[in-house]
Amino acid sequence: MARREDEKDLDRRKFLKCMAWVGTGAVWTLSSGVLKGSPLGQSSHGAMMSHAGGALRFVQISDSHIGFDKPANTDVTATLRAAIGKIKADPEPPAFVLHTGDLTHLSRPAEFDTLEQVLSELSVPVFYVPGEHDVLEDDGKSYLQRFGKGTLGAGWHSFDQSGVHFIGLVNVVNLKAGGLGMLGDEQLEWLEKDVKRLKSSTPIVVFAHIPLWSVYPDWGWGTDDSERALSYLKRFGSVSVLNGHIHQVMQKVEGHVTFHTAMSTAFAQPAPGTAASPGPMQVADDRLRKVLGLSRMTFQSVNHPIAITDVPLEADMQTADAHDVGVDNFSFAPTTVSVPVGTTITWTNHDDVPHQVVSTEQKFKSPVLDTDGHFSYRFDAPGAYKYFCSLHPRMTGQIVVR
């Protein structure tokens, strides 16, 4: 029994190392096999590429839970509108938006109506997959009638955009007692046929509600038959998997596959294993919009893990010329910073454990930074400077000097 508890604690600490606390949306830019990003609502013209240059940018939002009104957030419509406002304010509009499920809280018609009304404020297409909260009534028929037109089965579908193949999967129906998310044979057979025609060089983006990797099975945060689904994608050189459901940002990289979970626009949930169970987590009123927000995500290359910069709905916004990087919740924020030559970057450790900032090319190296420790470095030459934490190598970041 003691060994089992030790294993659980080890898993929890591993997950916490790759966890970031803010961010609900994801903006992607893909051009010539290179995907770059920075916080939504900010512009880095030196680092970002425009649509005219052949780039593809899109947004992910998740877990709106329209209809929820408990103390964790008594006005989820307002926080969804704040997220939509950031998308609309972006000087380079995305090509489309992906919503990765739990549009509503109780699948009620009025909740679907409100969600549809808020998202109608966007001037770009929105593609959906359902969450378990969207199929509580009538076997998901109301969801399909409103948001599943042109899809198959319980709402799965695929489409192509600018050379990228997008696949929306549904893993929230026909769930088994004691099990995790489930795709099912019919959908898996469709998936196998859907990708068979594609060249292995085609970038793939999969989006579904429940994570397709085992984030924390004790809380149902995983999908039982995800291994079979991923086996059909092994031959592709670039596969990105976007999920929601757990209301927090976590990332995992396995070979050429990058997994990413987005936060909710409605409320936070506890980190894996840090509470007796998952569920809405109440925070102080002045912190609510600091744990909800948007994030812009970046493919550094087709075989590189996604770089993520998370931005809360309310925070001191990092600009393209930001001079500071925070170290918090075992992540660098922002993950990628674009600055002019001659800028001094200062890293500050906000964690209760030590970290060390080390250039992957040995250009700079900080001392071990304990809590509230600082390290500064002046960048006097243009280029991309990648770095990591030598104590926790999954923590990575990049300074782009222009």
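Rules used in this analysis
- Residues numbered from 1 in each chain as written.
- Predicted model: local features only at pLDDT ≥ 70, side-chain atom pairs only at ≥ 80, totals over all residues.
- Heavy atoms only, no water.
- Helix = DSSP H or I, 4+ residues; strand = E, 2+ residues; numbered from the N terminus.
- Expected span 1.5 Å × (residues − 1).
- Buried < 20%, exposed > 50% of the residue type's maximum accessible area, 1.4 Å probe, protein only.
- Arc of directions from axis to C-beta.
- Pairing = 2+ DSSP bridges.
- Axes fitted to C-alpha atoms, helices over the stretch in contact; angles between N-to-C directions.
- Phe/Tyr/Trp six-rings, centres within 6.5 Å; stacked < 30°, edge-to-face > 60°.
- Lys NZ or Arg CZ within 6 Å of the ring centre and 35° of its normal.

**Describing helix α5 (residues 185-196)**
Then step 1. The first and last C-alpha atoms of α5 sit 17 Å apart over 12 residues, in line with the 16 Å expected at 1.5 Å per residue.
Then step 2. Within α5 the residues assigned to the buried category are Q187, L188, W190, L191, D194 and V195. End-on, the buried residues of α5 take up no more than an arc of 160 degrees, which puts them together on one face. Exposed residues pointing more than 90 degrees away from the buried face of α5 are listed as D185, E186, K193 and K196.

**Structural notes on helix α3 (residues 109-119)**
Then step 1. Turning to α3, its buried residues are E111, F112, L115, V118 and L119. One side of α3 holds all its buried residues, which, seen down the axis, span an arc of 130 degrees. α3 presents P109 and A110 as exposed residues on the side facing more than 90 degrees away from its buried surface.

**Concerning the sheet that holds strand β17 (residues 336-339)**
Then step 1. Reading across the sheet, the four strands line up as β17-β22-β21-β19 and stay open at both edges, with mixed pairing between neighbours. Here the strands that pair on one side only, and so sit at the sheet edges, are β17 and β19 (357-359). Between one strand axis and the next, the sheet turns through 25 degrees on average, direction left out of account.
Then step 2. Pairing of β17 with strand β22 (residues 396-401), which is carried by four bridges, proceeds in the parallel orientation. Among the inter-strand pairings, S338 is bridged to a residue of β22, identified as V400.

**A look at the packing of aromatic side chains**
Then step 1. Scanning the entire structure with this criterion turns up 23 aromatic pairs.
Then step 2. Their ring planes at 85 degrees and their centres at 5.1 Å tell us that F58 and F166 sit as a pair that is edge-to-face. Placement of F58 in strand β4 (residues 56-61) and of F166 in strand β8 (residues 164-168) is noted, with a sequence separation of 108 residues between them. When sorted by exposure, F58 lands in the same class as F166, which is buried.
Then step 3. Summarising the aromatic geometry, the rings of W219 and W221 are spaced 5.0 Å apart at their centres and angled 80 degrees between planes, so their arrangement reads as edge-to-face. W221 matches W219 in its accessibility class, with the two residues each being buried.
Then step 4. By way of ring pairs, the aromatic residues F332, W347, F364, F375, Y377, F379, Y385 and Y387 are connected into one cluster.
Then step 5. Lying across the ring of F68, K70 places its NZ or CZ 6.0 Å from the centre.

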